[in-house]
Amino acid sequence: MAATARAQALVAGLQDDATRLQALRGIKNCVIGNRRQKQQYIQLGAVQLLVAALQSNDAAQLVQAAAALGSFAASEQGLQVLLQHGGIPHLLRVLVGSSDDKVVEAAVRALKAVARSPAAPTRQILEGEGVLPRLVSLLGSQTSNVAESAAVVLACCCAGAAEQLAVAAAGAIPPLVALLSSPQRTKQEAALEALAALSRGNAETSQAVLQHRGVVGSLLRAIKQGGSPHARFVAAVCLANLSRNLPAGHQEHSQQDLQQAVLPVLVRLLGEAGVAEDVPGALGQLVANNAELQQAAADADAIAKLGAILNDPARPPRLVEGALRCLATLCLDHEPHRRQLMECKVLPQIAAALSDPQPSMRAAACMCMLSLSRSTKLLRGYLGDVELAAPLLALSREPDVEVAARAAGVLANMAVDFSAVKEQLLRHDGIARFAALADSMTPALRLQGVWGLSSVAYMSSQEVKAAIAAQLPWSTMAALLEDPEPGVREKAMLLVRNLVYNSQSDIQAVLRWSSDALLEAVRDALQRGEGHAALKQHAMYVVVHMASSTSAHKAAVMASGWPALLVQLLSDSDERMREGAVWAIINLTWSSDGDAEENAARVAALRALGVEERLRVLEHDECLAVKERAGTAINQLQALAAAAGGEAAMEAV
């Protein structure tokens with residue numbers, strides 16, 4: 001009760017000229033480092049009264065008011081109240097308008113506390129009249145903490161390219177580079193933080209930093225000799241940023257040299273207190289799209305360290321998210337890296353993260369699973385009792401299209417021949433979900449939906465294929481074969497290929513599903529598929545399968561306009577299409593169920609189209625497989641012709 005009474009008295013004192021200074025000092029001393037006291041003073045209305053005190057002309061009052069507001073701004077609740085009562089413009093006015101060193105110091109330190117919050121109105125700070133020049137001028141201040149605070153504010157304000165360019169245009173880079181040589185570690189670290197923020201993803205500002213002779217050398221020394229993990233980290237980030245924009249023929253260093261210097265520093269910092277949550281993201285960005293750096297990171301034990309982060313039950317969520325994203329990058333294209341991660345036994349943790357309450361965590365876990373799912377053979381030995389289909393299907397319903405598409409992509413990869421996941425998928429109505437995605441208006445989702453269905457259909461039972469047909473009307477399938485997106489058309493054709501593969505009954509079921517429109521739709525899609533080799537190949541093998549089936553199915557091929565197209569494709573520039581066309585002709589002219597008369601008619605029709613002449617050209621094809629199969633086809637045609645000739649002679653006798 002005594003503490004509450006004192007707080008009420010101090011707040012009341014803010015409204016009296018005679019007691020205001022004493023009240024300001026008392027409140028400042030109470031709230032610094034004390035969250036409970038901050039909440040109490042916020043409830044008593046102290047923040048708005050402190051903002052009002054910033055309009056005073058008394059330097060001592062301004063110092064105390066700014067210091068107290070800086071303490072409040074360090075908490076999310078305090079910052080929100082400060083923003084609600086228009087405190088930022090008053091702080092900026094004090095910063096720009098005061099000539100008193102102590103007032104300026106208090107104001108810039110308060111702004112530092114504001115700027116460090118994710119909710120900080122950084123654009124409002126930068127666009128305040130005279131604020132940017134004032135902050136740049138303070139970088140040269142000898143007053144304790146002023147230059148450091150100004151550098152931190154500038155760093156936090158570099159949210160995008162426009163802000164970075166504005167800070168650089170105001171002349172911030174030379175004094176920031178100068179601060180790298182300061183004997184005070186805190187000033188060096190603040191300068192490193194600002195230069196890292198200025199150079200992040202910005203070639204123009206990076207080039208401006210690189211123009212200062214010796215800056216790269218200073219950064220290299222900082223990553224090796226920095227007094228704290230934070231200093232080494234921000235120096236490494238800055239150097240990585242600059243390396244991406246190093247001019248060709250740079251006199252001192254190459255991009256590869258700098259990145260190879262940064263990599264081991266970041267790997268060593270994984271899990272280091274104070275910077276741990278930021279390191280995986282920086283490492284992932286460094287090695288992205290660079291196979292050599294990814295291998296170097298794996299060789300430096302980065303995957304094991306990241307796996308240990310996932311296995312630590314006390315790990316901060318942001319650190320886990322960063323580790324998942326970094327692992328997704330490291331494992332995307334490297335089978336040995338995926339094996340390393342699986343040996344860390346983290347699949348249950350990744351699976352659990354797929355259902356995390358935070359969308360960003362779910363997205364990161366999904367990215368990691370997408371990289372791992374590119375090797376279903378490897379995952380086969382690690383699944384155990386891990387449930388993946390249910391959380392991934394749930395993610396495929398996320399409003400974030402990128403996450404939903406990734407989740408469906410993971411399932412599409414794993415459903416091809418991975419029985420454990422395939423069984424989970426079927427148990428959770430995955431076919432219906434894929435069919436719904438295939439009918440989406442969003443191209444990325446449509447692609448993953450039809451891709452998923454093609455994976456499920458691969459080597460599946462007739463019951464599974466029937467379930468696909470039941471969920472996907474032929475009208476939708478026909479539309480997918482004519483989709484404006486090439487990738488969708490290709491996967492749609494792959495689905496058809498997988499549906500007709502395996503048995504005569506599979507083919508008959510698809511013909512019924514399409515109301516006998518299948519061959520025409522496939523033919524038209526192939527003829528429209530110029531430039532899309534995979535689509536054409538899938539279409540060709542739909543016909544190869546059909547031609548290997550019953551005489552009725554062969555007759556359907558012959559009546560569909562395909563024979564002339566097959567003869568034409570024997571001269572295709574793609575050897576895979578030539579080989580497929582030869583296979584189809586071999587199948588069409590092979591009699592296995594007593595259809596000699598029908599077979600003879602098929603042979604005659606193909607000969608009339610000039611098939612034998614085309615095949616003889618292929619006997620000299622540069623592709624060995626095409627050459628051998630062309631010889632087989634010619635021998636088969638000649639044998640059938642000889643047999644037909646013998647029968648005619650016997651009848652004449």
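Residues numbered from 1 in each chain as written. Predicted model: local features only at pLDDT ≥ 70, side-chain atom pairs only at ≥ 80, totals over all residues. Heavy atoms only, no water.

Per an unreviewed UniProt entry, the recorded name for the protein is Armadillo repeat-containing protein 8, and the organism is Chlorella ohadii.

Digging into the overall build of the protein
Operational definition: By definition, any uninterrupted DSSP run of H or I lasting at least four residues is a helix, any uninterrupted run of E lasting at least two residues is a strand, and each is numbered from the N terminus. The globule rule used here is 2.2 Å times the number of residues to the 0.38 power, and the radius of gyration it is set against is calculated over C-alpha atoms. Throughout this description, buried means an accessible area under 20% of the type-specific maximum (1.4 Å probe, protein chains only), exposed means over 50%, and partly exposed covers the range between. Any pair of residues with heavy atoms lying within 4.5 Å of one another is described as a contacting pair. All accessibility values rest on the Shrake-Rupley procedure with a 1.4 Å probe; residue burial counts only the protein chains present in the view.
Counting its regular elements, the protein contains 43 helices and 0 strands. Relative to a compact globule of 653 residues, whose C-alpha radius of gyration would be 26 Å, the protein shows 35 Å and is clearly more extended. Taking the principal axes of its C-alpha atoms as reference, the protein extends roughly 135 × 60 × 45 Å. Put simply, the protein has 653 residues, and 53% of those count as buried. Sequence separation of at least 24 residues holds for 69% of the intrachain contacts in the protein that already meet a minimum separation of 6. For the protein, the exposed surface amounts to about 28300 Å²; the carbon and sulfur share of it is 50%.

Quick look at helix H28 (residues 401-414)
The test is simple: Here the expected span of a helix is defined as 1.5 Å times the quantity of residues minus one. Pairs of N or O atoms are called polar contacts if they sit within 3.5 Å, as long as, within protein, a hydrogen donor faces a hydrogen acceptor (for residues adjacent in sequence, only side-chain-to-side-chain pairs).
With 14 residues, H28 ought to run about 20 Å at 1.5 Å a step, and its terminal C-alpha atoms sit 20 Å apart, in line with that. Taking burial as the measure, the 14 residues of H28 include 11 buried ones, the bulk of the element. Along H28, the residues that are buried comprise Val403, Ala404, Ala405, Arg406, Ala407, Ala408, Gly409, Val410, Leu411, Ala412 and Met414. Between the side-chain oxygen at the start of H28 and the backbone nitrogen of glutamate 402 there is a gap of 2.9 Å, and the oxygen is on aspartate 400.

Concerning the nonpolar core
Where a protein is soluble and globular, its nonpolar side chains tend to be buried together. Formally: Buried residues of nine kinds, namely Ala, Val, Leu, Ile, Met, Phe, Trp, Tyr and Cys, make up a nonpolar core once their side-chain atoms join them within 4.5 Å.
In terms of nonpolar packing, the biggest core is built from 231 residues, with Tyr41, Leu176, Leu324, Ile350, Leu388, Met477 and Leu615 touching the most fellow members. Contacts of leucine 324, omitting those with residues within four sequence positions, involve Leu310, Ile350, Ala353, Met361, Ala364, Ala365 and Cys368.

Things to note about the UniProt feature "repeat: ARM" (unreviewed entry) in the protein
The test is simple: UniProt positions are given in the numbering used here, feature names are shortened, and annotations may be inferred rather than shown by experiment.
UniProt feature "repeat: ARM" (unreviewed entry): in the numbering of this structure it lies at residues 45-87 and 86-115. In residues 86-115, the share of helix is 87% and the share of strand is 0%. The end C-alpha atoms are 15 Å apart.

Quick look at the environment of proline 316
Counting through the fold element by element, proline 316 comes out in the loop between helix H21 (302-311) and helix H22 (317-331). Since its relative accessible area comes to 30%, proline 316 is described here as partly exposed. Here the alpha-carbon distance between proline 316 and alanine 276, two residues 40 residues apart in the chain, equals 9.3 Å.

Quick word on a nonpolar patch on the surface
Counted only if it meets this: Residues form patches when they are more than 30% accessible in relative terms and have no salt bridge. Like charges link within 9 Å. Nonpolar side chains (Val, Leu, Ile, Met, Phe, Trp, Tyr) link within 5 Å. In the sections that follow, a salt bridge refers to a side-chain nitrogen of Lys or Arg positioned within 4 Å of a carboxyl oxygen of Asp or Glu.
A cluster of nonpolar side chains, Tyr458, Met459 and Tyr501, forms an exposed patch at the surface whose accessible area comes to about 300 Å². The residue tyrosine 501 is located in the loop between helix H34 (486-500) and helix H35 (504-513) in this model.

Some words on helix H10 (residues 131-138)
Worth spelling out the cut-off: This arc is taken over the directions from the axis of the helix to the C-beta atoms.
Taken residue by residue, H10 has Val131, Leu132, Leu135, Val136 and Leu138 as its buried positions. On an axial view of H10, the arc spanned by its buried residues comes to 160°, and they lie on one face. Buried residues in H10 make contact with helix H7 (87-97), helix H8 (101-115), helix H9 (122-127), helix H11 (146-157), helix H12 (161-169) and helix H13 (173-179).

A few points about the pattern of salt bridges
If the charged atoms of two oppositely charged side chains come close together, the side chains can form a pair. In total, this model carries 26 salt bridges according to the counting rule given. One salt bridge connects arginine 20 with aspartate 17, and the closest N-O pair in it is separated by 2.8 Å. For the salt bridge of aspartate 278 with arginine 318, the shortest nitrogen-to-oxygen distance reads 2.5 Å. With a gap of 40 residues between them, aspartate 278 in the loop between helix H18 (255-269) and helix H19 (279-287) and arginine 318 in helix H22 connect regions that are remote in the sequence.

Considerations on the packing of H28 against helix H31 (residues 443-457)
Applied cut-off: Axis definition: a line fit to C-alpha positions, over the contact stretch in the case of helices; interaxial angles, taken between N-to-C directions, run 0 to 180 degrees. Roughly parallel covers angles under 35 degrees, roughly antiparallel covers those over 145, roughly perpendicular covers 65 to 115, and oblique covers all other angles. Handedness of a helix crossing follows the sense of rotation of the near helix relative to the far helix, less than a right angle counterclockwise being left-handed and clockwise being right-handed. The residue classification treats Ala, Val, Leu, Ile, Met, Phe, Trp, Tyr, Cys and Pro as nonpolar and Asp, Glu, Lys and Arg as charged. All others, Gly included, are polar.
In contact at an axis separation of 8 Å, H28 and H31 are set at 10° when each is read in the N-to-C sense. The orientation of H28 relative to H31 falls into the category roughly parallel. Considering how the two elements wind past one another, H28 and H31 form a crossing that is left-handed. In this structure, H28 uses Val401, Ala404, Ala405, Ala408, Gly409 and Ala412 to contact H31, whose residues at the interface are Ala444, Leu445, Gln448, Trp451, Gly452 and Ser455. For the contact of H28 with H31, a count of residues per class yields 8 nonpolar, 4 polar and no charged.

Remarks on the confidence of the model for the protein
Note the threshold: Confidence scores labelled pLDDT are given residue by residue by the predictor and lie between 0 and 100.
On average, residues of the protein score 91 in pLDDT, and 96% of them reach the 70 mark or higher. The model gives residues 646-653 a pLDDT under 50, and that stretch makes 0 contacts with residues more than four places away or in other chains.

Side note on the side chain of serine 396
Mapping serine 396 onto the fold places it in the loop between helix H27 (389-395) and H28. Given the relative accessible area of 2%, serine 396 is considered buried. Side-chain polar atoms of serine 396 contact the backbone oxygen of leucine 393, separated by 2.6 Å. With sequence-adjacent residues up to four places away left out, serine 396 is seen in contact with Ala404, Ala407, Arg433 and Leu437.

With respect to the environment of arginine 629
Within the secondary structure, arginine 629 is located in helix H43 (residues 624-652). Between the alpha carbons of arginine 629 and leucine 570 there is a distance of 12 Å; along the sequence they are 59 residues apart. Discounting residues that sit within four places of it in the chain, arginine 629 has contacts with Glu579, Val582, Trp583 and Ile586.

Points about the packing of aromatic side chains
The following threshold applies: Ring pairs are drawn from Phe, Tyr and Trp, using the six-membered ring of Trp, whenever the two centres fall within 6.5 Å, and their geometry is named by plane angle: stacked under 30 degrees, edge-to-face over 60, tilted for the rest. The criterion is that NZ of a Lys, or CZ of an Arg, lies within 6 Å of the ring centre and within 35 degrees of the ring normal, and then a charge sits over that ring.
Inspection of every chain in the model, using the stated rule, returns 1 aromatic pair. Judged by centre distance (5.2 Å) and plane angle (80°), the ring pair of tryptophan 474 and tryptophan 513 falls under edge-to-face. Of this pair, tryptophan 474 sits in helix H33 (residues 474-481) while tryptophan 513 is found in helix H35, placing the two residues 39 residues apart along the sequence. The exposure class of tryptophan 474 is buried, given its relative accessible area of 14%. Cation over ring: lysine 491 sits above tryptophan 451, and NZ or CZ is 4.1 Å from the ring centre.

Things to note about the environment of valine 279
Mapped onto the elements of the fold, valine 279 is located in helix H19. Between the C-alpha atom of valine 279 and that of alanine 12, which follows or precedes it by 267 residues, the distance is 47 Å. Beyond its immediate chain neighbours, meaning those up to four positions away, valine 279 contacts Phe233, Leu266, Leu269 and Leu270.

Examining unusual backbone geometry
What is expected of a backbone is that most residues other than glycine have negative phi and most peptide bonds are trans. The phi dihedral of methionine 459 falls on the positive side, at around 55°, and the residue is not glycine. Residue position: methionine 459 is located in the loop between H31 and helix H32 (462-471). In this model, asparagine 502 sits at a positive phi of 115°, which is unusual for a non-glycine residue. Among the secondary structure elements, asparagine 502 is positioned in the loop between H34 and H35.

A look at the state of the cysteines
Rule in force here: Disulfides are defined in this document as cysteine sulfur pairs within 2.5 Å.
A complete count under the given rule lists 0 disulfides for this structure. With no disulfide of its own, cysteine 368 has cysteine 331 as its nearest cysteine by sulfur position, at a separation of 6.2 Å. Note on cysteine 368: relative accessible area 1%, which makes it buried.

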